[in-house]
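The residues making up each chain are set out below.
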Amino acid sequence: MKSFMILSSYSPSCVLWILTGLALCFSCCLCDESSSHILCIKSERAALLQFKTDLIDGANRLSSWNSYNKDCCKWAGVVCNNVTGHVQELHLGGPNDGIHGHCHGSYDTDAELEAASKQMLGGNINPSLMSLKQLKYLDLSCNDFGGIPIPAFIASLRNLRYLNLSTSQFDGQIPPQLGNLTMLHVLDLRYGLWGSNFPVKNLHWLTNIHLLQRLDLSGYDLSSEINWLQVMTRFPLLELRLASCSLSQIPRYLNTLNFTSLSTFDLSYNSFDSSFMPGWIFNLTSLTSIDLTNCFIHNLVPGVDPGFHKLTSLRSLHVSSNDFMNHSSVLKGVSNLGNLVSLDMSTCGLTSPILHDLQNLSLLVSLDLSNNRIIEKLPTSLVNLCNLRFIDLQSNLLFGNVSELLHNFLECKSSKLETFGFWGNNLLGFLPHKLGYLKNLITFDLGFNFISGQIPDSIGSLPNLKMLVLNANLISGRIPNSIGRLSSLEWLDLSNNQLTTSLPESLGNLQKLTFFSVYNNLLNGSVTVRHFSTLTALKTLRAENNKLTLHPNVRKWVPHFQLQVLRIGSWDLGPRFPSWLQFQRNLTELDISNANISDIIPHWFWSTFSGIEFLNTSHNRILGKLPQDLGFLSMNAVVDLSDNGFDGSLPASFNRPDLPFLDLSSNHLSGSLEKFLCHAIQYSRPLKVLNLGNNDLSGVIPDCWNNWNSLEVLNFESNRLSGGIPKSIGELSSLKSLNIRNNNLSGISPLSVMSSKNLLIIDLAENKLTGFTLPPNWRKSTRLKLLNLRSNKLSGKFPNELCGLRSIQILDLADNNLTGNIPTCFNNFSIMSGKENSSAIIVYDEFDQNQVAGSASLVTKGRENSYSTILYLVTNLDLSGNVPNVMTSYRFDYVCVITSFNTLR
């Protein structure tokens, strides 16, 4: 009131001037107050803005870095000193995969990988950073700088305590000037340009950084630095990581051990193949983590007390692929490490029982003993089951009942189990009805065991399950409808079991499913488009060798998926050719064999695909011509078009230089072999299997086999080929099976054929051959199991050279004109006489492609029978229909021997 009275004593114009002045003063005070809150130093703000101009920031992570936002201390990733305002820390690390902490690690989807890539900074590192004189912390890890060198000017930031440039795609030498950063406590340069492994000449530049506590040079080639360990002992290190550094030697002894405070030691992925496990490592009593994965250390230093029992602080022990672990004292020491949280002893050649000895490891969260040879009964309890998140014991020789172990997991009030891996053991049992109570399960793998019973309905109550593998067991019954509730499921393998009835329609709900395999079961019934209604992510569908029927009830059905692998052989897809296949343009493997298709092959079939690696349309009644253009095939494609109605000449295009397997047998192909085998062939062909049997090919067998030396199986049976057998066929050094039976061949079978060292099967029956030449030293070289020259025009005496066929189990010379004494040495045939056991005759076997077993058509008691997979169980000696001078008695005490002397003339 008093103030108002004072103002009222002045004239109105004076009052206006006074109020204006007060407003200006108040505004100035506010400006001063606002300025006082801007902590950032102007020159350092300018340096950061200049630094930003050279960066590529696809995700706009540095949007707060702008000239309008004056206080750089509030910018993303910037930390300033609260008193001086100097920039002290830059946290500009990119994203990691959120699982393993790896910057460029595995992501679940391409979209996640793309999103992570956008978050990575790129471009160049501007020298303006040198203006940040008080910078103590610099993190540029997990970005992508595209192969630029590490900037040497970083060495001018003398106050740096922390420098992390890891996994950011820097290339080239480590600047030795970094040795000037004498205040560094942490230096992390691991994994520069992806896969570059750039060589480092020496580590002398490190010796000035006396305060170094954490060092990671993983991924750099340190093979030239022989004294690498001596250099490391100069620092008070707490963590040392030298993974994948091309180190080959690790000293057995250390004169001075300056690693008394070392807590983390990582030498993984260095090959110390010729080194011994040094005893001094067992004395690093401060260690909490040691990683020797893939170091291939085989032996212990003699006279040194081995074992990890002194390292009582260890929480993580990873020693995969080191044979020295298969030592009783080492294993005993592991069982005493009561603080272990993670234990990986996979691929260590372990044979002794160990699971019972791990009972005391109550803190264990991750256990990996996979890929060993542990022979042990599976215990009903295993460490502290309620803590375990990851357990992998696949590929061992474990036996016993897995049901009890699973029941014990279910007894936990809150099981944390995420991965359960016992693939490839000898386990019995069944899947518990309450399996669905293990709510945290992500991976469940019991493939290749002897699990029986049915898949419980509760399986559908596992919301996090991504991988379910139960293949190669004895599981029967139906696939439960509840499986459609596994909303996270990506991989489902139920192949090689005894599953019955049809596929549940609920499979169509699995939107994330990428791999589905149920081949070799007893499934039957109809499959409709509803089974595939939302399978948009599906890439692999393997369901061959079941009796399922797929006749889409939707006209011009266009599946929602784009498959890469489709194997549905033995399904009923016909009689019309399945038109929906033309929409599967990404296929690399296609099997529609034995699918009841009786139709002309559509023109689009040969042009729809561009990268087929495996093609099997065999055992149908598909008609038409073979294509001249094989552009739809990829390199090294396996092609089986056998048992159809393809006609016309054999296209020369099928001799392309990159096919390993070609079966065109049992069609109506005609013409000669000249263009296919000889025309314009200048380089060696990798073809291993060529089957053109049971066609209408004619003419002579051309003598141009020099470029076909990879052949292992050659079949021209039941054609109209004439003339002689070229000598060069016998010079095919890899040939295991030669079948040219039932043609019009004449002349003498060349010595080169009969003396081939690798041939297991020679079948030249039902021709017009007049003789065959045998090598005198056959006894030492032959592996021949079957020799069939039946029904030719052979004459002369029974050759004594046949005595060299010690491994023969089928010898058929019947219906010829051979004379003379039958050699008595036939009693020495080791398999026929029971002195040796026979084994399967496999002439070609490539994993997950076509296996070719030796096959033969044999006449016994006037009947012709064909044998393939059981051929090795058959023994036959048939000399009937010839004119011997002496009847010789044979006493073969082997039950499978079939002799046929009763028809001798």
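Residues numbered from 1 in each chain as written. Predicted model: local features only at pLDDT ≥ 70, side-chain atom pairs only at ≥ 80, totals over all residues. Heavy atoms only, no water.

A. Structural context of the overall build of the protein chain. Across its full length, the protein chain carries eleven helices and 56 strands. Taken against the 2.2 N^0.38 rule, which gives 29 Å for 905 residues, the C-alpha radius of gyration of the protein chain at 38 Å runs more than 25% over that of a compact globule. If one aligns the C-alpha atoms of the protein chain with their principal axes, the spans along those axes are about 150 × 75 × 60 Å. Taken over 905 residues, the protein chain has a buried fraction of 53%. Contacts in the protein chain between residues far apart in sequence, at least 24 positions, make up 59% of those at least 6 positions apart. Total accessible area computed for the protein chain in this model is approximately 39,500 Å², and 51% of it derives from carbon and sulfur atoms. Averaging the locations of the 66 positively and 68 negatively charged side chains of the protein chain gives two centres separated by 1 Å. (Helix = DSSP H or I, 4+ residues; strand = E, 2+ residues; numbered from the N terminus. Rg over C-alpha atoms; globule rule 2.2 N^0.38 Å. Buried < 20%, exposed > 50% of the residue type's maximum accessible area, 1.4 Å probe, protein only. Contact = heavy atoms within 4.5 Å. Areas by Shrake-Rupley, 256 points an atom, 1.4 Å probe, with all protein chains shown as cover. Lys, Arg positive; Asp, Glu negative; His and termini not counted. Charge placed at Lys NZ, Arg CZ, Asp CG, Glu CD.)

B. Spotlight on the sheet that holds strand 43 (residues 744-749). Read from one edge of the open sheet, seven strands run 33-35-37-39-41-43-45, paired in parallel fashion. Looking along the sheet, the strands with just one partner apiece sit at the ends: strand 33 (623-625) and strand 45 (768-772). Across the sheet, the axes of successive neighbouring strands diverge by a mean angle of 20 degrees, strand direction being ignored. Of the pairings in the sheet, the one linking strand 33 to strand 35 (residues 645-649) comprises three bridges and is parallel in character. Residue pairing in the sheet places Leu 623 in a bridge with Gly 645 of strand 35. (Pairing = 2+ DSSP bridges. Axes fitted to C-alpha atoms, helices over the stretch in contact; angles between N-to-C directions.)

C. Structural detail: the packing of aromatic side chains. Counted under the stated rule, the structure contains 26 aromatic pairs. Ring geometry for Phe 51 versus Trp 65: centroids 6.3 Å apart, planes at 45 degrees, classification tilted. One end of the pair, Phe 51, is in helix 3 (residues 42-53); the other, Trp 65, is in the loop between strand 1 (55-56) and strand 2 (78-80), with 14 residues separating them in the sequence. Per residue, the accessibility class of Phe 51 equals that of Trp 65, and both read buried. Here Phe 420 and Phe 444 contribute two aromatic rings whose centre-to-centre distance is 5.3 Å and whose plane-to-plane angle is 15 degrees, an arrangement assigned as stacked. Separated by 24 residues along the polypeptide, Phe 420 in strand 19 (residues 419-421) and Phe 444 in strand 21 (residues 443-445) bring together distant segments of the chain. Of the two residues examined, Phe 420 and Phe 444, each falls in the buried class. Of the aromatic side chains, those joined through ring pairs into one cluster are Phe 577, Trp 604, Phe 605, Trp 606, Phe 609, Phe 632 and Phe 646. Of note, Arg 252 hangs over the ring of Phe 276, and the distance from its end group to the ring centre comes to 3.9 Å. The residue whose ring lies beneath Arg 542 is Tyr 519, and the NZ or CZ to ring-centre distance is 4.2 Å. (Phe/Tyr/Trp six-rings, centres within 6.5 Å; stacked < 30°, edge-to-face > 60°. Lys NZ or Arg CZ within 6 Å of the ring centre and 35° of its normal.)

D. Structural view of the nonpolar core. Grouped together as the largest cluster of nonpolar side chains are 241 residues, with contacts concentrated most on Leu 90, Leu 206, Phe 308, Met 345, Phe 420 and Phe 444. Excluding its chain neighbours within four sequence positions, the residues that come into contact with Phe 308 are Met 277, Phe 282, Leu 314, Leu 317, Val 319, Phe 324, Met 325, Val 330, Gly 333, Val 334 and Leu 337. Counting 18 residues, the second largest nonpolar core, distinct from the first, contains Phe 614, Leu 786, Val 852 and Val 874. (Core = buried A, V, L, I, M, F, W, Y, C linked by side-chain atoms within 4.5 Å.)

E. Molecular detail of the pattern of salt bridges. One pass over the full model with this rule turns up 18 salt bridges. The residue Asp 647 makes a salt bridge to Lys 625 at a minimum N-O spacing of 3.3 Å. With Asp 647 in strand 35 and Lys 625 in strand 33, the pair connects residues that are 22 residues apart, well separated along the chain. Through salt bridges with shared partners, one network takes in Arg 790, Asp 812, Asp 815 and Asp 878. (Salt bridge = Lys/Arg side-chain N within 4 Å of Asp/Glu carboxyl O.)

F. How the structure looks around the state of the cysteines. Within this structure, the stated rule accounts for five disulfides. Each disulfide pairs two cysteine sulfurs, and for Cys 386 the partner residue is Cys 412, the sulfurs being separated by 2.1 Å. When the S-S torsion is -95 degrees, as for the bridge of Cys 386 with Cys 412, the disulfide is left-handed. Residue Cys 386 is located in the loop between strand 16 (366-368) and strand 17 (390-392), and its partner Cys 412 is located in the loop between helix 7 (402-410) and strand 19; the two are separated by 26 residues in the primary sequence. Taking the relative accessible area as the measure of exposure, Cys 412 reaches 10% and is therefore buried. A sulfur-sulfur separation of 1.8 Å characterises the disulfide bridge that pairs Cys 678 with Cys 704. As the torsion about the S-S bond is roughly -60 degrees, the Cys 678-Cys 704 disulfide counts as left-handed. (Disulfide = S-S within 2.5 Å.)

Everything listed is a geometric property; what it means functionally is a separate question.
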